[in-house]
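The chain contents come next:
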Amino acid sequence: MLNKILIKLKEKYQNSTLFQEGGILAPAKADEAKVKISFFRLLGETFNPVLDYFKIFLILGALAAILISIVATITGFNNLCLYQEVHVDIYCSDSAWLYLTYSFIKFYILSYFAVKWTEITLGKESFSWSYVWHADRRSLKLAAVFLFLIFLNFAPVLSSWVLYLRTPNPDWRVELIFFTFVSIGFLIPFFLVKIYPFLSAMITAEKEVSLRQVWHKTDGNFIKILLNYMIIFVIAMLLYGNLQSTIRAYSGEYGYLTVLMSEFMYNFAAILIFAFFINNINYQYAKLCRDQNQAS
C-alpha cells in the first residue's frame, strides 16, 4: 500500500530531494536488501524483556513514575484534573506553555528510562545505582525527538480540522490539489511506522545505519510491524480503561496520598506500555539493521 502511494508521490514530486539519490524515499540500493522478520517473534520480543528483567523494570519504572507524578502534580497536570466528578483540593493548570514544559520534562524522564532500560536489556551495561543516576545528553536529544514524533502523529487531526473549516472551491482542479495535499497528513503516522527503529540507534548511540537505510530495511514487514503496534495500543486502551473505571468507582474519596498514588498508577502503566514499544523497536533494529551489518 505504502509503495503504491510512494510511486504516485514520486511521479508528482520527482524533482524533490527526498526522491533523489541519498534521499530517504530514493530507491533502495543493492546493499539494502529486504530482511524478513517473524510476526510472532517480534510480538514475543515486545514482552519478553519485561519478564526477563522484571525486577529491574520495577525499579526503573517505579523511579520514572514517581518523578513524573511529582512533576505532574506540581505543574498542575495531575490526571485527576481530568475528572470533574473527583473533588480534591489540588492545583490544576490550563497553561499551554506550562503544559509544554511539563511534557518536555516527562519525555526527558521517559527517554532517560529508555536509555537505561535498553542498555541493560541488550547487555551493554549491568544494573547498578551509580549507572542509574549517571545522565548523558542522549536523553535530552531523545526527549525532543519524541515530542516531535508525537506532534507528527497528530497530523491527521490537523488535516481533519482543515477539511472541516475550509470553504469548498467550485473549481474541481483546485479542490483535487487541495485534497491531495491535505490528505498527506492522514498518511504521516503510517510513514512514521517505517522509521521508528531508528530511535533504537539513537538510544544506543550507533551511527552505522542511516535513517534512509532503516526506511528501506522495513520494506516487506510493514503490516507485521503495524499489527504489533496495534496490539500494544489495544493493551494500552484496556489498561487505561480499567484504571479510569477504578478512579471513578472511588470518586470523591481522594486524599493527598491517594492523589499521588493514582497518578503513580497512571504513569507506571504508561511506562509499561512505553517499555513494550521500546522493546519492539529494539528488536526491529537488531534484526533489520544491526545483525545485517555484523553479518556483512
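The structure we're discussing is the one just above.
Described below are features of the structure shown in this document. (Residues numbered from 1 in each chain as written. Predicted model: local features only at pLDDT ≥ 70, side-chain atom pairs only at ≥ 80, totals over all residues. Heavy atoms only, no water.)

### Re unusual backbone geometry
Trans peptide bonds make up the majority, and among non-glycine residues the majority have a negative phi.
Now for step 1: A positive phi angle is found at Ala205, which is not glycine, with a value near 60°.
Now for step 2: Along the chain, Ala205 falls in the loop between α9 (198-203) and α10 (211-217). (Helix = DSSP H or I, 4+ residues; strand = E, 2+ residues; numbered from the N terminus.)

### Points about helix α6 (residues 137-153)
Now for step 1: For α6, built from 17 residues, the straight-helix expectation of 24 Å at 1.5 Å per residue is met to within 8% by its first-to-last C-alpha distance of 25 Å.
Now for step 2: Every buried residue of α6 is accounted for by Arg138, Ser139, Leu142, Ala143, Phe146, Leu149 and Leu152. (Expected span 1.5 Å × (residues − 1). Buried < 20%, exposed > 50% of the residue type's maximum accessible area, 1.4 Å probe, protein only.)

### Description of the packing of helix α3 (residues 54-75) against helix α4 (residues 96-121)
Now for step 1: The N-to-C vectors of α3 and α4 enclose an angle of 175°; their axes lie 10 Å apart at closest approach. With respect to each other, α3 and α4 are oriented roughly antiparallel. Contacts between α3 and α4 pair Ile56, Phe57, Leu60, Gly61, Ala64, Leu67, Ile68, Val71, Ala72 and Thr75 from the former with Leu98, Tyr102, Ile105, Lys106, Ile109, Leu110, Phe113, Lys116, Trp117 and Ile120 from the latter.
Now for step 2: Each residue belonging to the contact of α3 with α4 can be placed in one class, and the counts come to 16 nonpolar, two polar and two charged. (Axes fitted to C-alpha atoms, helices over the stretch in contact; angles between N-to-C directions. Parallel < 35°, antiparallel > 145°, perpendicular 65-115°, else oblique. Contact = heavy atoms within 4.5 Å. Nonpolar A, V, L, I, M, F, W, Y, C, P; charged D, E, K, R; others polar.)

### Some points on the pattern of salt bridges
Now for step 1: Inspection of the entire model under this criterion finds five salt bridges.
Now for step 2: With a shortest N-O distance of 4.0 Å, Lys124 and Glu206 are connected by a salt bridge. Here Glu206 lies in the loop between α9 and α10 and Lys124 lies in the loop between α4 and α5 (129-132), a separation of 82 residues in the sequence.
Now for step 3: Accessibility expressed as a relative area gives 43% for Lys124, which makes it partly exposed.
Now for step 4: Put simply, Asp219 and Lys194 hold a salt bridge, and the shortest N to O gap is 2.7 Å. Here Lys194 lies in the loop between α8 (172-193) and α9 and Asp219 lies in the loop between α10 and α11 (222-249), a separation of 25 residues in the sequence. (Salt bridge = Lys/Arg side-chain N within 4 Å of Asp/Glu carboxyl O.)

### So, the nonpolar core
Side chains that are nonpolar tend, in soluble globular proteins, to be buried together.
Now for step 1: If you look at the biggest cluster of nonpolar residues, it comprises 59 residues, and the most contacted ones within it are Phe113, Trp117, Leu199 and Ile278.
Now for step 2: No other element matches the 12 residues that helix α12 (residues 256-295) contributes to this core.
Now for step 3: Here Phe113 is in contact with Phe57, Leu60, Gly61, Ala64, Ile271, Phe274 and Ala275, once residues within four sequence places are set aside.
Now for step 4: Leu80, Tyr83, Ile90 and Ile247 belong to the second largest nonpolar core, which has eight residues in total. (Core = buried A, V, L, I, M, F, W, Y, C linked by side-chain atoms within 4.5 Å.)

### A closer look at the state of the cysteines
Now for step 1: Summed over the entire model, instances satisfying the criterion amount to one disulfide.
Now for step 2: Between the sulfur of Cys81 and that of Cys92 lies a disulfide, 2.0 Å long from S to S. Handedness here is read from the sign of the S-S torsion; for Cys81 and Cys92, about -85°, the answer is left-handed. Of the two residues, Cys81 is situated in the loop between α3 and α4 and Cys92 in the loop between α3 and α4; the sequence distance between them amounts to 11 residues.
Now for step 3: Judged by its relative accessible area of 27%, Cys81 falls in the partly exposed class. (Disulfide = S-S within 2.5 Å.)

### Considerations on the layout of surface pockets
Now for step 1: By volume, the largest pocket amounts to about 1700 Å³.
Now for step 2: Every residue lining the largest pocket is counted, 41 residues in all, and those nearest its centre are Phe107, Ile150, Phe233, Ala236 and Ile273.
Now for step 3: Top contributing element to the lining of the largest pocket by residue count: α11, with 10 residues.
Now for step 4: Among the residues making up the lining of the largest pocket, the classes are represented as 32 nonpolar, eight polar and one charged. (1 Å grid on protein atoms, 1.4 Å probe; cavity = no way out; pocket = protein on both sides within 12 Å on 5 of 7 lines; lining within 4 Å. Points joined across faces, edges and corners; volume = space filled by probe spheres on them.)

### Some thoughts on the side chain of Thr46
Now for step 1: In this structure, Thr46 sits in helix α2 (residues 39-52).
Now for step 2: Apart from the residues lying within four places of it in its own chain, the contact partners of Thr46 are Asn228, Ile232, Phe276, Asn279 and Asn280.

### Focus on the packing of α4 against α6
Helices that pack against each other are described as a pair by the angle of their axes relative to one another and the distance between those axes.
Now for step 1: One can describe the packing of α4 onto α6 by two numbers: an axis separation of 8 Å at closest approach and a directional angle of 120°. Considered as vectors, α4 and α6 are oriented oblique to each other. In the packing of α4 onto α6, the handedness of the crossing is right-handed. Of the residues in α6, those in contact with Ser103, Phe104, Phe107, Tyr108, Ser111, Tyr112, Val115 and Glu119 of α4 are Arg138, Ser139, Leu140, Leu142, Ala143, Ala144, Phe146, Leu147 and Ile150. (Left-handed = near helix turned anticlockwise from the far one by under 90°.)

### Description of a nonpolar patch on the surface
Now for step 1: On the surface, a nonpolar cluster with roughly 520 Å² of combined accessible area is contributed by Leu158, Trp161, Tyr164 and Leu165.
Now for step 2: Within the secondary structure, Tyr164 is located in helix α7 (residues 155-165). (Patch = residues over 30% accessible without salt bridge, like charges linked within 9 Å, V, L, I, M, F, W, Y side chains within 5 Å. Areas by Shrake-Rupley, 256 points an atom, 1.4 Å probe, with all protein chains shown as cover.)

### What about α7?
For an α-helix, the turn length of 3.6 residues means that residues three or four places apart are oriented alike.
Now for step 1: Along α7, the residues classified as buried are Ala155, Pro156 and Ser159. When α7 is viewed along its axis, its buried side chains cluster within an angular range of 100° and face the same direction. Turned more than 90 degrees off the buried face of α7, the exposed positions are Val157, Trp161 and Tyr164. (Arc of directions from axis to C-beta.)

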